[in-house]
Amino acid sequence: MSEIGATAVRLDPREESAIAAAAERLKDGIGHIVTTGSAPHDVRVTEPDRDEPPAAFTAKVIGPMLVAKHCAPVTRPTGSTVLFSGVAGWRPGPGSLVKGVANGALEYAARHLAADLAPVRVNAVSPGVVDSGARGRLGDKKAALSSKSAAGTLVGRHGETDGVAGTVMWLLRAGSVSGETIHVEGGARHKTAWRLATLRVRRRAFISVTHR
């Protein structure tokens, strides 16, 4: 972080007292904020524990609101905040209910925070599957997962950390961009829509043939 003049603060986004304490330590002035907190809960709708969905939503959505609450007074007018959503918000599927709803909600949080905190800018980044290096623990399964991730995009490759970081850095400098969600997932959400449209067309064709 030092090479770009940034300060990393590790805290639980569900703990407001920790957020308030961090803001107090940075009271000399904040230029930009990037929040990455999450507490994924990947289960089917019939399976979640009662306390897990609220915890996941708090970490992903309420946490950034609390950061804004305590950091707004010390953020410079020319500053900005970048939040992290994710492609699950736009690609519904079995087991992605809690994560998908939380990620989708973050897009609206970015819009409303941008209006509330103006002229401070607020935007969100929505990555797809990114090879962050953590997959090494998967061993022989890593190649298969990477191949599947790449096949789910329009560009035919999974994301890289440099691409996501580059998008964040661009947003920090893009003085006329606010209230937006930038998708960095190789068109994955569009490929899902294309598949569904193709399936519907095929079904119509099949029905039209059988009714002749």
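Below is a short write-up of the structure. (Residues numbered from 1 in each chain as written. Predicted model: local features only at pLDDT ≥ 70, side-chain atom pairs only at ≥ 80, totals over all residues. Heavy atoms only, no water.)

**Overview of the overall build of the chain**
Put simply, the rule is: A run of H or I in DSSP counts as a helix once it spans at least four residues, and a run of E counts as a strand once it spans at least two, with each numbered from the N terminus. Note on classification: 1.4 Å probe, protein chains only; a residue is buried when its accessible area is under 20% of the maximum for its type, exposed when over 50%, partly exposed between these limits. Throughout, the Shrake-Rupley method with a 1.4 Å probe supplies accessible areas, and for residues the shown protein chains are the sole cover considered.
Scanning the chain from terminus to terminus reveals 6 helices and 6 strands. For the chain, the α and β elements follow one another from N to C terminus as α-β-α-β-α-β-β-α-β-α-β-α. Here the chain holds 212 residues, and 36% of them are scored as buried. Total accessible area on the chain is roughly 12,900 Å²; 55% of this is exposed by carbon and sulfur atoms.

**Overview of the layout of surface pockets**
Rule in force here: Note on definitions: the grid is 1 Å and covers protein atoms alone; a cavity is a set of points where a 1.4 Å probe fits but cannot get out; a pocket is an open set with protein on both sides within 12 Å along at least five of seven lines; lining residues have an atom within 4 Å of a point. Grid points are joined across faces, edges and corners, and a volume is the space filled by probe spheres set on the points.
Each pocket or cavity is described by its volume, and for the second largest pocket that value is around 160 Å³. Lining the second largest pocket are 14 residues; nearest its centre among them are H158, G159, V184, E185 and G186. Among the secondary structure elements, those contributing two or more residues to the lining of the second largest pocket are β5 (159-160) and α5 (161-173).

**Focus: unusual backbone geometry**
Of note, the amide linkage connecting A118 to P119 takes the cis form, showing an omega dihedral of 15°. In this fold, P119 is placed in the loop between α3 (97-117) and β3 (121-127).

**Overview of the packing of helix α1 (residues 16-25) against helix α2 (residues 52-71)**
What counts, and what does not: With axes taken as lines fitted to C-alpha atoms, and helix axes fitted only over the stretch in contact, angles between N-to-C directions fall between 0 and 180 degrees. Whether a crossing is left-handed or right-handed is set by the direction in which the near helix is turned from the far one by less than a right angle, anticlockwise for left-handed and clockwise for right-handed. We call two residues in contact whenever any of their non-hydrogen atoms come within 4.5 Å of each other. The residue classification treats Ala, Val, Leu, Ile, Met, Phe, Trp, Tyr, Cys and Pro as nonpolar and Asp, Glu, Lys and Arg as charged. All others, Gly included, are polar.
Two elements in contact, α1 and α2, have axes separated by 9 Å at closest approach and are oriented at 35°. For the pair α1 and α2, the sense of crossing is right-handed. Note on element contacts: α2 touches α1 through G63, L66, V67, K69, H70 and C71, opposite E16, I19, A20 and A23. Its residues assigned to classes, the contact of α1 with α2 comprises 6 nonpolar, 2 polar and 2 charged.

**Considerations on the packing of aromatic side chains**
The relation between two aromatic rings is expressed through the spacing of the ring centres and the mutual angle of the planes. Our working rule: Stacked, tilted and edge-to-face are the three classes applied to pairs of Phe, Tyr and Trp rings, where Trp contributes its six-membered ring and a pair requires centres within 6.5 Å; stacked means planes under 30 degrees apart, edge-to-face means over 60, and tilted covers the rest. Two thresholds decide whether a charge sits over a ring: the Lys NZ or Arg CZ must be within 6 Å of the ring centre and within 35 degrees of the ring normal.
Scanning the model with the defined rule gives 0 aromatic pairs in all. Of note, R111 hangs over the ring of Y108, and the distance from its end group to the ring centre comes to 4.7 Å.

**Remarks on the nonpolar core**
Here is the rule: To qualify as a nonpolar core, a set must consist of buried Ala, Val, Leu, Ile, Met, Phe, Trp, Tyr and Cys residues joined through side-chain atoms within 4.5 Å.
Grouped together as the largest cluster of nonpolar side chains are 12 residues: V61, A68, L83, L106, A109, A110, L113, A114, L117, V120, V122 and A124. Looking at this core, the elements that each hand over two or more residues are α2, α3 and β3. By residue number, the principal contributor to this core is α3, which donates 6 residues. Sequence-distant contacts of L117, defined by excluding residues within four places in its chain, comprise A68, A72 and V122. Ranked by size, the runner-up nonpolar core spans 9 residues in total, among them V164, V168, L171 and L172.

**Observations concerning the sheet that holds strand β1 (residues 30-34)**
How we decide: Each pair of strands is called paired provided DSSP finds at least two bridges between the two strands.
The strand order β1-β2-β3-β6 describes an open sheet built from 4 strands, whose pairing is parallel. Two strands in the sheet have a free side with no partner beyond their single neighbour: β1 and β6 (181-184). Averaged over all neighbouring strand pairs, the angle between strand axes comes to 15°, with direction disregarded. Along the sheet, α5 makes contact with β1, β2 (75-84), β3 and β6, crossing β3 at roughly 165°.

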